[in-house]
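For reference, the chains in residue letters:
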Amino acid sequence: MKKTILLLLGVASMTLASCAPKYTAATAKPASELSCGEIKDEQVKLASIRADAESKKGVSKENVLWALFFWPGAVVNEMDNRDVIAKVDARDAELTKAFSAKSCK
């Protein structure tokens, strides 16, 4: 019985990792070193990541399934999506500031 529970928890945690989109600004090039075109390209990518995270938070199919089969997963998924959105928004603000500083059009 314990092995079954541990196996289910392991599978659930691995599956959970794939629900929220992934984003980290830690490996991103500093905004001051980007060209105007690179800034625009990154902002497009960020918008896509943000839209993906927005679609998976709240009453989404992922959260409903988590709530049905492993309710803590819904909570963690929601927290992960909010974290991704916050990171994307912070990076976008940084890029917008650099875009203005470089007088990009």
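We now turn to the structure provided with this report. Since we're looking at a predicted model, the values are computed, not measured. (Residues numbered from 1 in each chain as written. Predicted model: local features only at pLDDT ≥ 70, side-chain atom pairs only at ≥ 80, totals over all residues. Heavy atoms only, no water.)

Counting residues in each nonpolar core, the largest one holds 13 residues, and the members touching the most others are Tyr 23, Ile 39, Leu 46, Val 84, Val 88 and Leu 95. For this core, the secondary-structure elements that each account for two or more residues are helix H2 (36–55) and helix H4 (71–101). With six residues, H4 is the largest single contributor of residues to this core. When residues no more than four places from it in sequence are discounted, the contact partners of Ile 39 are Ala 31, Leu 34, Leu 95, Ala 98, Phe 99 and Lys 102. (Core = buried A, V, L, I, M, F, W, Y, C linked by side-chain atoms within 4.5 Å. Buried < 20%, exposed > 50% of the residue type's maximum accessible area, 1.4 Å probe, protein only. Helix = DSSP H or I, 4+ residues; strand = E, 2+ residues; numbered from the N terminus. Contact = heavy atoms within 4.5 Å.)

Moving on to the state of the cysteines. Within the structure shown, the criterion is met by one disulfide. Across the disulfide, Cys 36 is cross-linked to Cys 104 (sulfur-sulfur distance 1.8 Å). Between Cys 36 and Cys 104, the disulfide has an S-S torsion of -75° and is therefore left-handed. Here Cys 104 lies in the segment after H4 and Cys 36 lies in helix H2, a separation of 68 residues in the sequence. Among the residues examined, Cys 36 registers a relative accessible area of 29% and is labelled partly exposed. (Disulfide = S-S within 2.5 Å.)

Another aspect to go through is unusual backbone geometry. Its identity is not glycine, yet Ser 103 carries a phi of approximately 55°, on the positive side. Under the relative-accessibility criterion, Ser 103 is labelled exposed at 57%.

The first and last C-alpha atoms of H2 sit 29 Å apart over 20 residues, in line with the 28 Å expected at 1.5 Å per residue. Of the positions making up H2, those classed as buried are Ile 39, Glu 42, Leu 46 and Ala 53. Summarising the axial view, the buried residues of H2 lie within an arc of 70°, below the 170-degree limit, and thus occupy one face. Along H2, exposed side chains directed more than 90 degrees from the buried face belong to Val 44 and Lys 45. (Expected span 1.5 Å × (residues − 1). Arc of directions from axis to C-beta.)

Tracing the backbone through its elements, the reader meets Glu 62 in helix H3 (residues 61–69). Each C-alpha atom of the pair Glu 62 and Glu 78 lies 9.6 Å from the other, and the pair is 16 residues apart in sequence.

With that out of the way, let us pick up a nonpolar patch on the surface. Taken together, Val 64, Leu 65, Leu 68 and Phe 69 make up a surface patch of nonpolar side chains, about 450 Å² in accessible area. The residue Leu 65 is located in helix H3 in this model. (Patch = residues over 30% accessible without salt bridge, like charges linked within 9 Å, V, L, I, M, F, W, Y side chains within 5 Å. Areas by Shrake-Rupley, 256 points an atom, 1.4 Å probe, with all protein chains shown as cover. Salt bridge = Lys/Arg side-chain N within 4 Å of Asp/Glu carboxyl O.)

None of the figures reported here should be taken as evidence of function without further support.
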